[in-house]
Amino acid sequence: MTRIVLILTLSLPLSAMAGAGGEGHSATELFWKGFNVLLFLGVVYWFARKPVGEAFNRFWQSLSEEVERSEQELMLAKSDLKKAKEELEKAKVRADESIALTRESAQAEINRARQHATDIAERVKEKARETIEIELKRAKEELSRYGMERAQEIARQMLREAFSNPEIQRKYIEAQIKVLEERKND
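Along each chain, numbering runs from 1 in the same order as the chain's sequence is written. In keeping with the predicted nature of the model, local features appear solely for residues at pLDDT of at least 70, side-chain atom pairs appear and are counted solely at 80 or more, and the whole-chain, interface and lining totals rest on all residues. Derived side-chain values reflect all non-hydrogen atoms in the structure, with water molecules and hydrogen atoms excluded from consideration.

### Side note on the overall build of the protein chain
Each helix is a run of DSSP H or I of at least 4 residues and each strand a run of E of at least 2, with the numbering of both proceeding from the N terminus. Assigned secondary structure in the protein chain consists of 3 helices and 0 strands. Listing every helix and strand of the protein chain by position from the N terminus yields α-α-α. For the protein chain, the exposed area adds up to about 16,800 Å²; of that, 62% sits on carbon and sulfur atoms. Note that accessible areas follow from Shrake-Rupley with a 1.4 Å probe, and for residues the cover is restricted to the protein chains shown.

Below you can see the structure in the form of structure tokens.
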């Protein structure tokens, strides 16, 4: 504070001398004004150099610290960005693997379903064959029975017609007697 008061007391008389010249600006007046300004700046420099220097140093240090902090934050941000990119790449790889696994699983499931459907179709065909064979066998048996019954009826009819003739009856009886005699002799 004392420095400021000293500066003001020294500069006031000099500025009063510079302004005492009147209305015009003479060379002497300009000289004194310039001298006063230089003297004022010299005094300010002499008394204020240390606080101003310290203020500039503090300003420079705070600015340097801010820049260093900003650089550190930038480095951290770059590091975080790099980690995030790596995680993104890992996530993409995991997603691609999951998609591939899902496709493989889906294809395996489709193949299993196809095989199951083929197996069922084969079983149905086999059952149909068995059923057809059973029905065919039954139909053959029925047809065979029907044929035998029909043949018996026709044979009976033919025998009735044939045995209605007395000549055929006589020949049949004679043939039967011969068979019985041969059996007896054996």
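### Digging into the pattern of salt bridges
Salt-bridge detection follows one rule: a side-chain nitrogen of Lys or Arg within 4 Å of a carboxyl oxygen of Asp or Glu. By the definition in use, this model includes 10 salt bridges. Between Lys-125 and Glu-122 there is a salt bridge, with the nearest N and O atoms lying 3.9 Å from each other. Here Glu-122 and Lys-125 lie together in helix α2 (residues 27-163), a separation of 3 residues that amounts to about one turn. In this scheme, a residue with accessible area under 20% of its type's maximum is buried, one over 50% is exposed, and one in between is partly exposed, where area comes from a 1.4 Å probe on protein chains only. According to the relative accessible area criterion, Lys-125 is partly exposed, its value standing at 46%. The exposure class of Glu-122 is partly exposed, given its relative accessible area of 41%. One salt bridge connects Glu-153 with Arg-150, and the closest N-O pair in it is separated by 3.4 Å. Taken together, the positions of Glu-153 and Arg-150, both in helix α2 and 3 residues apart, correspond to about one turn of that helix. Classification of Glu-153 as partly exposed rests on a relative accessible area of 44%. A relative accessible area of 41% places Arg-150 in the partly exposed class.

### Remarks on the packing of aromatic side chains
Ring pairs shown here join Phe, Tyr and Trp side chains whose ring centres sit within 6.5 Å, with only the six-membered ring taken for Trp; geometry is labelled stacked below 30 degrees between planes, edge-to-face above 60, and tilted in between. According to the stated counting rule, one finds 3 aromatic pairs in the structure shown. Seen from their ring centres, Phe-31 and Phe-35 are 6.2 Å apart, and the 20° between their planes marks the pair as stacked. Of this pair, Phe-31 and Phe-35 are both found in helix α2, 4 residues apart, which corresponds to roughly one turn of the helix. Judged by its relative accessible area of 34%, Phe-35 is partly exposed. Arranged with centres 5.5 Å apart and planes meeting at 85°, the rings of Trp-32 and Phe-35 form a pair that is edge-to-face. Within this pair, Trp-32 and its partner Phe-35 are both found in helix α2, separated by 3 residues, close to a single helical turn. When its relative accessible area of 29% is taken as the criterion, Trp-32 is described as partly exposed. The structure contains a cluster of three or more aromatic residues connected by ring pairs, namely Phe-31, Trp-32 and Phe-35. Seen from the ring of Trp-46, Arg-49 lies directly overhead, with NZ or CZ sitting 4.5 Å from the centre. Geometrically, a lysine NZ or arginine CZ counts as sitting over a ring once it is within 6 Å of the ring centre and also within 35 degrees of the ring normal.

### Section: the confidence of the model for the protein chain
Values of pLDDT, which run from 0 to 100, indicate the predictor's confidence residue by residue. Looking at the protein chain, pLDDT values average 84 and 87% of them are 70 or higher. When mean pLDDT is compared element by element in the protein chain, α2 scores highest at 90, while helix α1 (residues 2-18) scores lowest at 49.

### What about a nonpolar patch on the surface?
Here, patches come from residues exposed beyond 30% relative accessible area and free of salt bridges, joined within 9 Å for like charges and within 5 Å for nonpolar side chains (Val, Leu, Ile, Met, Phe, Trp, Tyr). A contiguous nonpolar surface patch, about 630 Å² in accessible area, is contributed by Val-52, Phe-56, Phe-59, Trp-60, Leu-63 and Val-67. As for its placement among the helices and strands, Trp-60 is situated in helix α2.

### A look at α2
To get the bend at a given residue, fit one axis to the seven residues ending there, fit another to the seven starting there, and take the angle between those axes. At Ala-48, α2 shows its strongest bend, of approximately 65°, with the proline Pro-51 following within four residues. Taken together, the buried positions of α2 are Glu-29, Asn-36, Val-43 and Phe-47.

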